[in-house]
Amino acid sequence: MTQRHRRVVLAPDKFKGSLTAPEVAAALATGIAQVAPEAEIRQLPVADGGDGTVDIFVAAGWERIRVAAVGPTGAPTTASYAVRDGTAVVELAEVVGLVKLPGAQPDPMYAGTYGLGLVLRDALDRGYHEIVLGLGGSASSDGGAGMLHALGLRILDADDNELPWGAAPLRRAHRIDCSRLHPAVASTTFTLASDVDNPLLGPHGAAAVFAPQKGADREQCAEIEAALSHWAELVRAARPATRGAAGDGADTGRGRDRAGSGVTEPDGEIDFARRPGAGAAGGTGFGAMAVLGARPRPGIEVVLELIGFSDAVRGADLVVTGEGALDEQTLRGKAPAGVAAAARAEGVTVVAVAGRCALSPERLRVAGIADCYPLTDLEPDPACSVADAAPLLSEIGARIAADHLR
């Protein structure tokens, strides 16, 4: 009788600052093949909507489209997005993320999301009417104003002059003109892929929680909070116009919330600023929901669905997931937790790899992870672990194969 080959699916996220998700999967595959050469290995790297999302779709067989754009401070750059079967996956970090800041110098008051809007506009011009927008790693706190500006929305001061980019100029905004919003918005379904559920404003909002990560000091955080609050009021005042421009996707109607957040005002109007996820990517989630009619969903859930993870894992013997650090944050919607949940639903054993693991065996089991293989078991020096992550992961892959595939 012919022995059935063991099947393993490699579905790691990136090791931030060290290896991309496809590189992690490739290193693991090398080690597994050394010990279990007969094993059928499927490399299916994952992401949760942040940086690296486009790359994992390309690795899954989607087509990459490159487009000229501008970074968060207006410097010319090239970005890409992934497409297949009428759907486009656009990644904010790919064009206006922190990694796109010139010289890595933050500009919390004037960095903007205009370049993201240019990428979205390219996808709309090409006829893609299902757009997934991955939010994460943003360099700006402009509430999505720059993105919407690139899509045709005009943000005007009291003299009807268009405002420059960034959060700070929003304090001078007087009105919004939606008449030139890209016509394809009305017939397009936008999905926000993010693991952030913060609202736009308040102690858990974009300014308080995320602006310091973009270089804002305490005084600047207060200014950004005031600017975003003013921006939210302008968008709210313009809602009848934005609903008409964006069509049914944005027309949630009075007292009715198609995305199911249940956050409404006493008069029945939806308060998008209070919606979970509105604070994602410096408030870009707010602009996308309020004007484009975007629906927020957990990033890893969207990614796994689009790359066909359930079909790939069905009948497998083992799934290997992981990320740079496994800790309590991992269990709150990060990629490895999503992979583990999906694999567990198919009855497949899951193990994880990590640069370091701060979770007890009991906490790992709660997440559906049978075991964890941290690089610190092989190399306790963090700097060496980061520098030598690929060969260390290959060795970890060999260990996993010896433990689970022999």
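Residues numbered from 1 in each chain as written. Predicted model: local features only at pLDDT ≥ 70, side-chain atom pairs only at ≥ 80, totals over all residues. Heavy atoms only, no water.

Enquirer: With reference to specific residues and values, describe the overall build of the protein.
Expert: Looking only at helices and strands, the protein has 15 helices and 13 strands in total. In terms of C-alpha radius of gyration, the protein reaches 22 Å, essentially the compact-globule figure of 22 Å for 406 residues. Referenced to the eigenvectors of the C-alpha coordinate spread, the extents of the protein come out at roughly 80 × 40 × 40 Å. Within the protein, buried positions represent 55% of all 406 residues. Counting only contacts in the protein whose residues sit at least 6 apart along the sequence, the fraction spanning at least 24 positions is 69%. Counting only carbon and sulfur atoms, one obtains 48% of the accessible surface of the protein, whose full area is about 16300 Å². For the protein, the distance from the average site of its 38 positive side-chain charges to the average site of its 51 negative ones is 4 Å. (Helix = DSSP H or I, 4+ residues; strand = E, 2+ residues; numbered from the N terminus. Rg over C-alpha atoms; globule rule 2.2 N^0.38 Å. Buried < 20%, exposed > 50% of the residue type's maximum accessible area, 1.4 Å probe, protein only. Contact = heavy atoms within 4.5 Å. Areas by Shrake-Rupley, 256 points an atom, 1.4 Å probe, with all protein chains shown as cover. Lys, Arg positive; Asp, Glu negative; His and termini not counted. Charge placed at Lys NZ, Arg CZ, Asp CG, Glu CD.)

Enquirer: If you had to explain the pairing of strand E11 (residues 318–326) to someone new, which residues and values would you point to?
Expert: In terms of burial, E11 is largely enclosed, as seven of its nine residues are buried. Bridge count for strand E1 (residues 7–10) against E11 is three bridges, and the pairing is parallel. Each residue of the ladder has a partner; that of leucine 10, found in E11, is valine 320. Pairing of E11 with strand E12 (residues 349–357) involves eight bridges; the strand directions are parallel. Each bridged residue has a counterpart across the sheet, and for alanine 325 the counterpart in E12 is arginine 356. Read as a crossover between parallel neighbours, the route from E11 over helix H12 (residues 335–345) to E12 is right-handed. (Pairing = 2+ DSSP bridges. Right-handed = clockwise from strand over helix to strand, strands pointing away.)

Enquirer: Can you break down the pairing of E12 residue by residue, with the values?
Expert: Examined bridge by bridge, E12 and strand E13 (residues 371–374) share four bridges and lie parallel to one another. Residue pairing for E13: valine 353 is matched across the bridge by tyrosine 373. As for the winding sense of the linkage, the β-α-β connection from E12 through helix H13 (residues 361–366) to E13 is right-handed.

Enquirer: Describe the nonpolar core, naming the residues involved and giving the relevant values.
Expert: Formed by 69 residues in total, the largest nonpolar core has its most connected members in Tyr81, Leu116, Trp231, Phe286 and Leu292. When residues no more than four places from it in sequence are discounted, the contact partners of leucine 116 are Val90, Leu92, Val95, Val96, Leu133, Met147 and Thr284. (Core = buried A, V, L, I, M, F, W, Y, C linked by side-chain atoms within 4.5 Å.)

Enquirer: Tell me about the sheet that holds strand E4 (residues 76–84), and please be specific about residues and values.
Expert: Pairing in this open sheet of six strands is mixed, and the strands run E3-E4-E5-E6-E9-E10 from one edge to the other. Edge positions in the sheet fall to strand E3 (63–70) and strand E10 (295–298), since each of these pairs with one other strand and no more. Neighbour to neighbour, the strand axes of the sheet diverge by 30° on average, direction disregarded. Direction of pairing for E4 relative to strand E5 (residues 87–91): antiparallel, over a ladder of three bridges. Bridging across to E5, valine 83 finds its partner in alanine 88. Along the sheet face, helix H9 (residues 280–292) touches strand E9 (189–194) and E10 and points at about 160° away from the line of E9. Across the sheet, helix H10 (residues 299–306) touches E4, E5, strand E6 (130–134), E9 and E10, and the angle it forms with E10 is around 85°. (Axes fitted to C-alpha atoms, helices over the stretch in contact; angles between N-to-C directions.)

Enquirer: Provide a residue-level description of the domain arrangement of the protein, including the pertinent values.
Expert: Often, the extent of an interface is quoted as the loss of accessible area on bringing the components together. When cut into domains, the protein gives domain 1 (7–45 + 308–405) and domain 2 (53–244 + 272–301). Computed over C-alpha atoms, the centres of domain 1 and domain 2 are 32 Å apart. Facing nine residues of domain 1, the contacting portion of domain 2 comprises six residues. Carbon and sulfur atoms supply 70% of the area buried between domain 1 and domain 2, which totals about 560 Å² over both sides. In terms of surface lost to domain 2, no three residues of domain 1 exceed Pro22, Pro45 and Gly333, which account for 46% of the buried area on that side. (Domains from an automatic or database assignment. Buried area = accessible area lost by both parts, 1.4 Å probe.)

Enquirer: I'd love a proper account of unusual backbone geometry, names of residues and values included.
Expert: For aspartate 160, which is not a glycine, the phi torsion comes out positive at approximately 65°. Tracing the chain through its elements places aspartate 160 in the loop between strand E7 (154–156) and strand E8 (175–177). Unlike most non-glycine residues, alanine 281 shows phi in positive territory, near 55°. Among the structural elements, alanine 281 can be located in helix H9. The buried category is assigned to alanine 281, whose relative accessible area is 9%.

Enquirer: Break down the environment of glutamate 91 for me, citing the residues and quoting the values.
Expert: Secondary-structure assignment places glutamate 91 in strand E5. With a relative accessible area of 4%, glutamate 91 lands in the buried category. Distance from glutamate 91 to glycine 115, taken between C-alpha atoms, is 11 Å for residues 24 residues apart in sequence. Those residues in contact with glutamate 91 that sit more than four places away from it in its chain are Gly50, Asp51, Gly52, Thr53, Val54 and Gly134. A distance of 3.0 Å separates the side chain of glutamate 91 from the backbone nitrogen of threonine 53, its partner in a polar contact. (Polar contact = N/O pair within 3.5 Å; in protein donor to acceptor, adjacent residues only side chain to side chain.)

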